[in-house]
Amino acid sequence: RSEDEGDVVHAEIEGDHEALPYLATVSTSTGGDPLVSLLSRDQRRQVVLSVDPETADTTMVRERTDPEWIDVMPGVPARAASGAIVEIVADRSVDTNRLVVDDVAITPPGLQVEAVLHAGADDILVVAGRDPVRSTVCRVGLDGSVTELLSGGTVGARRAGALLCTAATTLDSTATDTAGWRDGVRIATVTSYAEGPMSSPSVTMLTV
């Protein structure tokens, strides 16, 4: 935080640095105080702290343990616009990484959530899929409804208000399709002028 003189005051975030030596993620949003997540050295315990930006005081809001390993997933933990805490949690009972909001899983078994892209007031934008070689940008309503927006071998997106910018590649091309969308209608294509490769992929998928 800045003082009147313009100096920046640094304050240490207190915690059990011996038991939780790894600072895994930091998240800020308009929905509430920043969140930081800490990991144990064996990555079987994760603690999520809410940090008061004025005092650096912390409150533990989540603790996760896993007998094998806790993955650090892109975009989480985070706060939705409402202040709800958004996570991706491995549900071992159904072998699925599920989107969890305030400790309630809202995505169905079998839909593997790979990343959270944006947590809005009414929905959450994620990358998810049921096929390990095909990902989808999905809009997940807080009621658990899932709407697929864009699919590809690799996909990503950013959202601001009604504007959505997406990038997608497929297994049979090195090109990335980058586009702008508004209210579900494609309104722009971002042209790439990068030098094209001299070879193209020839992919054969094997199920073994």
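Check the entry above for the structure.
Being a predicted model, the structure only gives us computed values, none of them experimental.

A. Here's a closer look at the overall build of the chain. The number of helices and strands found in the chain is zero helices and 16 strands. Its C-alpha atoms put the chain at 55 × 50 × 40 Å along the principal axes. In the chain, which comprises 208 residues, the proportion classed as buried is 36%. When the accessible surface of the chain is split by element, carbon and sulfur atoms take 50% of a total near 12,600 Å². Counting 16 positive and 32 negative side-chain charges, the chain places the centres of these two groups 6 Å from one another.

B. Just the sheet that holds strand 13 (residues 154-160), in detail. Spatially, 13-14-15-16 is the arrangement adopted by the four strands of the open sheet, whose pairing is antiparallel. Edge positions in the sheet fall to strand 13 and strand 16 (185-190), since each of these pairs with one other strand and no more. Within this sheet the neighbouring strands show an average axis-to-axis angle of 25°, counted without direction. Looking at chain direction, strand 13 and strand 14 (residues 163-169) are connected through seven bridges and run antiparallel. When the bridges of strand 14 are listed, Val155 appears paired with Ala168.

C. Up close: unusual backbone geometry. The omega angle of the peptide bond from Val76 to Pro77 is -5°, so this bond is cis rather than trans. Note that Pro77 resides in the loop between strand 4 (58-65) and strand 5 (78-79). Positive phi outside glycine occurs at Ala56, with the angle close to 70°. Its location among the elements puts Ala56 in the loop between strand 3 (45-51) and strand 4. The exposure class assigned to Ala56 is buried, which follows from its relative accessible area of 12%. A positive phi is found at Asp183, a non-glycine position, where the angle reads about 55°. With respect to the secondary-structure elements, Asp183 resides in the loop between strand 15 (177-182) and strand 16.

D. Geometry of the pairing of strand 7 (residues 96-101). With five of its six residues buried, strand 7 lies for the most part within the structure. In the sheet, strand 6 (residues 85-91) pairs with strand 7 via six bridges, with the strands oriented antiparallel. Across the sheet, Ala90 pairs through a bridge with Asn97, a residue of strand 7. Connecting the antiparallel pair strand 6 and strand 7 is a turn made up of four residues, with Asp95 showing a positive phi of about 55°. The sheet contact formed by strand 7 and strand 8 (residues 104-105) spans two bridges and is antiparallel. Across the sheet, Val101 pairs through a bridge with Val104, a residue of strand 8. Hairpin connection, strand 7 to strand 8: the antiparallel pair is bridged by two residues, and Asp102 has positive phi, about 50°.

E. A look at the pattern of salt bridges. Across all of its chains, the model carries twelve salt bridges by this definition. One salt bridge connects Arg62 with Glu87, and the closest N-O pair in it is separated by 3.4 Å. One end of the pair, Arg62, is in strand 4; the other, Glu87, is in strand 6, and 25 residues separate them in sequence. Side by side, Arg62 and Glu87 carry an identical accessibility label, which is buried.

F. Structural detail: the nonpolar core. Formed by 18 residues in total, the largest nonpolar core has its most connected members in Val86, Leu99, Val116, Ile124 and Val126. What Val126 contacts, discounting residues up to four positions off in sequence, is Leu99, Val113, Ala115, Val116, Leu117, Thr136, Val137, Cys138 and Val140. The next biggest cluster of nonpolar side chains, apart from the first, holds eleven residues, and it includes Val137, Val155, Ala168 and Trp181.

What counts, and where the lines are drawn
- Residues numbered from 1 in each chain as written.
- Predicted model: local features only at pLDDT ≥ 70, side-chain atom pairs only at ≥ 80, totals over all residues.
- Heavy atoms only, no water.
- Helix = DSSP H or I, 4+ residues; strand = E, 2+ residues; numbered from the N terminus.
- Buried < 20%, exposed > 50% of the residue type's maximum accessible area, 1.4 Å probe, protein only.
- Areas by Shrake-Rupley, 256 points an atom, 1.4 Å probe, with all protein chains shown as cover.
- Lys, Arg positive; Asp, Glu negative; His and termini not counted.
- Charge placed at Lys NZ, Arg CZ, Asp CG, Glu CD.
- Pairing = 2+ DSSP bridges.
- Axes fitted to C-alpha atoms, helices over the stretch in contact; angles between N-to-C directions.
- Salt bridge = Lys/Arg side-chain N within 4 Å of Asp/Glu carboxyl O.
- Core = buried A, V, L, I, M, F, W, Y, C linked by side-chain atoms within 4.5 Å.
- Contact = heavy atoms within 4.5 Å.

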